[in-house]
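The primary structure of each chain is shown beneath.
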Amino acid sequence: MLIESISGVRGTVPDSLNGEIVALYADAFHRFCSEGDIVVGRDSRSSGDEFLSVIVQRLIALGRNVHHCGIVPTPTVQYVVDDSEVVGGIIVTASHNPAEWNGLKFVGSDGCFLNGSQVKKLMQLKSGDSPEPVDGKGKQVRMDDAIQRHIARICDVSWIDLETIRQRKFKVAVDAVNGAAAVALPELIKRLGCDVVSINCELSGEFTRGTEPLPVNLSDLSQLVQQENCHVGFATDPDADRLAVIDEKGKPVGEEYTLVLALDGFLSIFGSSEMVVTNLSTTLAVDKIAERYGAQVTRSAVGEINVVEMMKKTGASMGGEGNGGVILEEVHLGRDSLVAAASILHRLAQTDSSLSEVMNELPKFEIVKAKISVEKVNGETLFQKISDSFDGALKDERDGLKLTWNDRWIHIRRSNTEPIMRIYTEASTEKEALELFEKVKLIIQS
């Protein structure tokens, strides 16, 4: 199945996505962009080399200069596009999808992913006749310093206290799932003066654990943190836009709390002057930590670009999503696991507390995440039934159905990246979150 959405294109290889199909998207992106150079990069999947070669050859044939980053984090490509005089970028990645998938993400000249209307226009352009090649005009330019440029920018962030981080001499365990962060994340952490121990940090594309950085997939990293007496462990997905965190006891803190930890360090400096943007499916702990510092929270529909568009609209400096995605405008407007890692090390360096002690000081909520096949569900009827079954909630229908109370919420929506319906419930305890989920599940089964 080939999925086109606001998150780009994803499909299984080779039945849904192959070189011929990739060439069509390259042609469409050429038509979409104004005259100028294009940056390309990929994650470490085995099919990525062929697909990136197809894109490069096609764009060169159409007269474009192509800046080739090789295997780099998705946010590295976004940063380089934003920091260069180019008109866009293409990243060959299926993000957190399993190894048999691959895909394409499209970046505008501002380093941000294309928004909904831009994606729609791009997909329409794909159906046209192939543009005519232009002999002898385009060329490939190797961009071997892309990761170093990205790291240097993060190390230059105005509020991250490099000196204090370096004085703490943190020991950090890293699990990059043999994906795009395998070189970049350890290198950043070393630049911050930390010792690094690592697993799954080869650019092999052999995903030896589940591709999502969820607790169920991080047992080896948890064990490494304990064995090596690390202060913290970091894990990424294959294209390195998401970061999961393990505390010094080997306990996953939960991907929802990556953003909360980053915000705690950021807002302690800037406080009430800030607006924070996150999506409808992100933990209430974001709202509670913002309240602690007098900051405000605005929520958007799910999807990185939706958060980014809201950040632009509100002038927010930091935002993100509860999947381990942290967005810092000062670097670039996109989820970035390297930014998240630096932000969390900054937070740890602010006090002498261990990560588990820091976590004990944060607002605590428990979230339940599940999914169902969309073939079995009429979304509109389901949303109405769920809405009618709960009293006293604030209702939001911008992205599926979100019902919110002061200390709990339910969100059910169609996925942007898979043929499924996602169901999220959150409350102050796991028992209460599960009770909410079971009630939703009974409505669906009925």
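Structure shown above.
Because the structure is predicted, anything quoted here is derived from the model rather than measured.

Undergrad: Would you mind showing me how to read the pattern of salt bridges here?
TA: Any two side chains of opposite charge can pair, on the condition that their charged atoms come close. Under the counting rule described, the total for this entry stands at 26 salt bridges. Taking the shortest distance from any N to any O, the salt bridge between aspartate 287 and arginine 299 comes out at 2.4 Å. Here aspartate 287, found in helix α10 (residues 285-293), pairs with arginine 299, found in strand β13 (residues 296-300); they are 12 residues apart in sequence, far enough to count as distant. The residues aspartate 287 and arginine 299 share a single accessibility class, namely buried. Across the salt bridge formed by arginine 408 and aspartate 407, the nearest N and O atoms sit 3.2 Å from each other. Judged by relative accessible area, arginine 408 falls into the partly exposed class, the value being 29%. Salt bridges sharing common partners tie together Lys105, Asp239, Asp241, Glu304, Glu321 and Arg335.

Undergrad: Explanation requested: the packing of helix α1 (residues 19-32) against helix α2 (residues 48-61) in the structure shown.
TA: Helix-helix packing is characterised by the crossing angle of the two axes and by the distance between the axes. As a packed pair, α1 and α2 sit with axes 9 Å apart at the nearest point and diverge in direction by 40°. Overall, the two elements α1 and α2 adopt an arrangement that is oblique. Taken as a pair, α1 and α2 cross one another with a handedness that is right-handed. Along the contact surface, α1 presents Gly19, Val22, Ala23, Ala26, Asp27 and His30, while α2 presents Glu50, Phe51, Val54, Ile55, Arg58 and Leu59. For the contact of α1 with α2, the class distribution of residues is 7 nonpolar, 2 polar and 3 charged.

Undergrad: How do you make sense of the side chain of histidine 67 when you look at a structure like this?
TA: Relative to the helices and strands, histidine 67 resides in strand β4 (residues 66-71). In contact with histidine 67, not counting residues within four places along its chain, are Asp37, Ile38, Val39, Val40, Val86, Val141 and Met143.

Undergrad: Would you explain the sheet that holds strand β10 (residues 232-236) in this entry?
TA: Adjacent strands of a sheet pair through backbone hydrogen bonds, lying either parallel or antiparallel. The mixed open sheet is built from 4 strands, whose spatial order is β9-β8-β10-β11. Sheet topology places β9 (195-199) and β11 (243-246) at the edges, where each strand pairs with a single neighbour. Ignoring strand direction, the axes of neighbouring strands in this sheet form an average angle of 25°. The pairing of strand β8 (residues 171-175) with β9 spans 5 bridges and is classified as parallel. Counted as the bridge partner of aspartate 175 is isoleucine 199 from β9. The sheet strands contacting helix α12 (residues 337-349) are β8, β10 and β11, and the helix crosses β10 at an angle near 165°.

Undergrad: Sorry, what's going on with the nonpolar core here?
TA: Within soluble globular proteins, side chains that are nonpolar tend to cluster in buried spots. Counting residues in each nonpolar core, the largest one holds 76 residues, and the members touching the most others are Val172, Leu185, Leu192, Phe234 and Leu345. Ranked by the residues each element gives to this core, the list is headed by α12, at 9 residues. Apart from the residues lying within four places of it in its own chain, the contact partners of leucine 192 are Cys155, Leu162, Ile165, Arg166, Ala342 and Leu345. Judged by nonpolar contacts, the second largest core, of 28 residues, contains Val9, Val22, Val56 and Val87.

Undergrad: Before we go on, may I ask you to explain the sheet that holds strand β16 (residues 366-373) in this structure?
TA: Pairing in this open sheet of 5 strands is antiparallel, and the strands run β16-β20-β19-β18-β17 from one edge to the other. Pairing within the sheet leaves two strands with one partner each, and these edge strands are β16 and β17 (394-396). Ignoring which end each strand starts from, the neighbouring axes of this sheet average 15° apart. Alignment of strand β18 (residues 401-404) against strand β19 (residues 409-414), held across 4 bridges, turns out to be antiparallel. Looking at β19, one finds that lysine 402 is bridged to histidine 411. Contacts between helix α15 (residues 430-445) and the sheet are confined to β16, β19 and β20 (420-427), with β20 contributing the most and set at about 145° to the helix.

Parameters and conventions
- Residues numbered from 1 in each chain as written.
- Predicted model: local features only at pLDDT ≥ 70, side-chain atom pairs only at ≥ 80, totals over all residues.
- Heavy atoms only, no water.
- Salt bridge = Lys/Arg side-chain N within 4 Å of Asp/Glu carboxyl O.
- Helix = DSSP H or I, 4+ residues; strand = E, 2+ residues; numbered from the N terminus.
- Buried < 20%, exposed > 50% of the residue type's maximum accessible area, 1.4 Å probe, protein only.
- Axes fitted to C-alpha atoms, helices over the stretch in contact; angles between N-to-C directions.
- Parallel < 35°, antiparallel > 145°, perpendicular 65-115°, else oblique.
- Left-handed = near helix turned anticlockwise from the far one by under 90°.
- Contact = heavy atoms within 4.5 Å.
- Nonpolar A, V, L, I, M, F, W, Y, C, P; charged D, E, K, R; others polar.
- Pairing = 2+ DSSP bridges.
- Core = buried A, V, L, I, M, F, W, Y, C linked by side-chain atoms within 4.5 Å.

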